[in-house]
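Topology and contacts: notes
These are the residues of each chain, in order.
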Amino acid sequence: MGSESERLMELAEKWCARNYEPLPVCISKGEGVYVWDPEGRKYMDMLSAYSAMSHGHRHPKIVKALIEQAGRSTLTSRAFHNDMLGPFLEKLCALTRFEKALPMNTGAEAVETALKAMRKWAYEVKGVPDGRARIIAAANNFHGRTIAAISMSTSDTTKKSFGPLLPGIDIVPFGDAAALEAAITEDTAGVLLEPIQGEGGVVVPPDDYLARVREICDKRSVLLCLDEIQTGLGRTGKMFCFEHYGIRPDIVTLGKALGGGVLPVSAVCANENVMRVFTHGTHGSTFGGNPLAAAVAIAAMDALRDEKMVENSSIMGEFFMSSLRELKLPGVSLVRGKGLLVGVVLEKPVAHDKSLELLDAGLLAKDARPDIIRFAPPLIITKDQIEEALGIIVKVFK
Ligand SMILES: *Cc1c(COP(=O)(O)O)cnc(C)c1O
């Protein structure tokens, strides 16, 4: 008792608003897939900051880019040009194959930006009467914590006592294309979906869902925006999760791993037909597109490609999931996901207790739902490290 970890956790609990309930571990150092507490205890990080740590802790090339850029220029605001924004967005557009990108910082801001784009497009391109644009979102979604994002949420904890919330939202069941089509009216601006619901418990839709949604959106002149903040950049074994389904959205939001595990970097990508609704003064961010973030994001995208992290995510994800299924762990009813985004569904709502047991055994993971544990290790994880994780998981479950 009275360890340095305990002292630091108490200090944070004392001064921090109680908007989180962290697992009782204090991280003071990280490298690759491992982290350490101040007592030197080592843990495997199988959550990766909800996919923001896809490159692993302190990826050397990303940290190098951060330090080099910090020695030159860090923030200019968009009142002036900077020498990193163009190269960053050129690379991002080449990666996403969209004509334009709009840089922001956090995921929630990228979602806000996409919502503003869809509404403005509805009024100025589609011809929806002013003030009537509607957005369709899916039940069980997670799009962030701003008022707009929580207005789309179907979770009570997320929304309660934060009203009045945003009007103009229609909620449909996730995975049901017919219900989505039925919800479209002539005022519908766009549909916002996660291709796989991450926070919702790694919910994978039926195989033909997104293709059908794409068709419906085309037929009804509605924009399709995919929130790939968690699923994007290799997490599901493809660069973008929508590639699994053979479609392309009109708008994609990216965040989390775009910052290489060191800075908040997010962006909205779309073609000119949508992005042209933003004219000067209509949207912005003081920090969005800053040179430090741009340098880090360039290094993050390069590292994904150079180190074949997307391929590794696919191979290791397959190995991890098939091993978990073959183990037939007691209390586990289903293993689902794609790539290295894996949800383990339990027969009972004991995911939090299991996370605590995993923590004691040296593995960090967290309950996404009372009966679902999410595993989302860094995409650099090796086969030996997956085996190490499986060993810990077996010990805890058997
Ligand atoms: C994490 C997440 C967000 C919000 O990102 P923040 O950076 O926390 O604001 C939005 N959408 C999805 C799908 C996410 O997983």
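Keep in mind that this is a model prediction, so the values were computed, not measured.

As for the domain arrangement of the chain
Parsing the chain into structural domains produces domain 1 (4-58 + 308-397) and domain 2 (61-306). Centre-to-centre, using C-alpha coordinates, domain 1 lies 26 Å away from domain 2. Linking domain 1 with domain 2 are one salt bridge, by the criterion used here. Here Glu 199 makes a salt bridge to Arg 374, at a shortest N to O gap of 2.7 Å. Among the elements of the structure, α2 (48-51), α12 (309-327), β11 (332-338), β12 (341-346), β14 (366-369) and β15 (372-375) are those that each provide at least two residues to the side of domain 1 that touches domain 2. With four residues, the single largest contributor to the side of domain 1 that touches domain 2 is α12.

Let's talk about the packing of aromatic side chains
Tallied over the full model, the rule gives three aromatic pairs. For the pair Phe 240 and Phe 242, a centre-to-centre distance of 5.5 Å together with 10° between the ring planes defines the contact as stacked. Judged by centre distance (5.7 Å) and plane angle (85°), the rings of Phe 320 and Phe 375 are edge-to-face. With a gap of 55 residues between them, Phe 320 in helix α12 and Phe 375 in strand β15 connect regions that are remote in the sequence. Its relative accessible area of 0% is what places Phe 320 among the buried residues.

Brief notes about the packing of helix α3 (residues 60-70) against helix α11 (residues 291-306)
It is at 8 Å that the axes of α3 and α11 come closest, and there the two elements cross at 155°. One finds that α3 runs roughly antiparallel with respect to α11. Of the two elements, α3 crosses α11, and the hand of that crossing is right-handed. Each of Lys 61, Ile 62, Ala 65, Leu 66, Gln 69 and Ala 70 in α3 lies in contact with α11, whose residues at this interface are Pro 291, Leu 292, Ala 295, Val 296, Ala 299 and Ala 300.

Regarding the layout of surface pockets
In this structure, the largest pocket encloses a volume near 1,400 Å³. Taken together, 47 residues make up the lining of the largest pocket; nearest its centre are Tyr 20, Tyr 50, Phe 142, Arg 145 and Glu 199. Of all the secondary structure elements, the ones that give two or more residues to the lining of the largest pocket are α2, α5 (107-126), α7 (156-159) and β14. Per-element tally for the lining of the largest pocket: the top contributor is β14, with four residues.

Details of the sheet that holds β11
In space, the four strands of this open sheet follow the order β11-β12-β15-β14, with antiparallel pairing throughout. Looking along the sheet, the strands with just one partner apiece sit at the ends: β11 and β14. Averaged over all pairs of adjacent strands, the angle between their axes in this sheet comes to 30°, without regard to strand direction. Examined bridge by bridge, β14 and β15 share three bridges and lie antiparallel to one another. By the bridge assignment, Asp 367 is partnered in β15 with Ile 373. Across the face of the sheet, α12 comes into contact with β11, β12 and β15 while running at roughly 170° to β11.

Quick notes on unusual backbone geometry
Note the cis peptide between Gly 163 and Pro 164, where omega equals 0°. The residue Arg 97 is not glycine, and still its phi comes out positive at about 55°. Following the sequence through the fold, Arg 97 ends up in the loop between α4 (85-96) and β4 (100-104). Residue Arg 97 is classed as exposed on the basis of its relative accessible area of 61%. Although it is not a glycine, Lys 256 adopts a positive phi angle of roughly 40°. Its location among the elements puts Lys 256 in the loop between β9 (251-254) and β10 (266-270).

Details of the pairing of β15
Across the two faces of β15 the burial is the same, with Ile 372 and Arg 374 and Ile 373 and Phe 375 all buried. As paired strands, β12 and β15 are joined by four bridges and run antiparallel to one another. Bridged to Gly 343 within β15 is Arg 374.

Each value, and the rule that gives it
- Residues numbered from 1 in each chain as written.
- Predicted model: local features only at pLDDT ≥ 70, side-chain atom pairs only at ≥ 80, totals over all residues.
- Heavy atoms only, no water.
- Domains from an automatic or database assignment.
- Salt bridge = Lys/Arg side-chain N within 4 Å of Asp/Glu carboxyl O.
- Helix = DSSP H or I, 4+ residues; strand = E, 2+ residues; numbered from the N terminus.
- Phe/Tyr/Trp six-rings, centres within 6.5 Å; stacked < 30°, edge-to-face > 60°.
- Buried < 20%, exposed > 50% of the residue type's maximum accessible area, 1.4 Å probe, protein only.
- Axes fitted to C-alpha atoms, helices over the stretch in contact; angles between N-to-C directions.
- Parallel < 35°, antiparallel > 145°, perpendicular 65-115°, else oblique.
- Left-handed = near helix turned anticlockwise from the far one by under 90°.
- Contact = heavy atoms within 4.5 Å.
- 1 Å grid on protein atoms, 1.4 Å probe; cavity = no way out; pocket = protein on both sides within 12 Å on 5 of 7 lines; lining within 4 Å.
- Points joined across faces, edges and corners; volume = space filled by probe spheres on them.
- Pairing = 2+ DSSP bridges.

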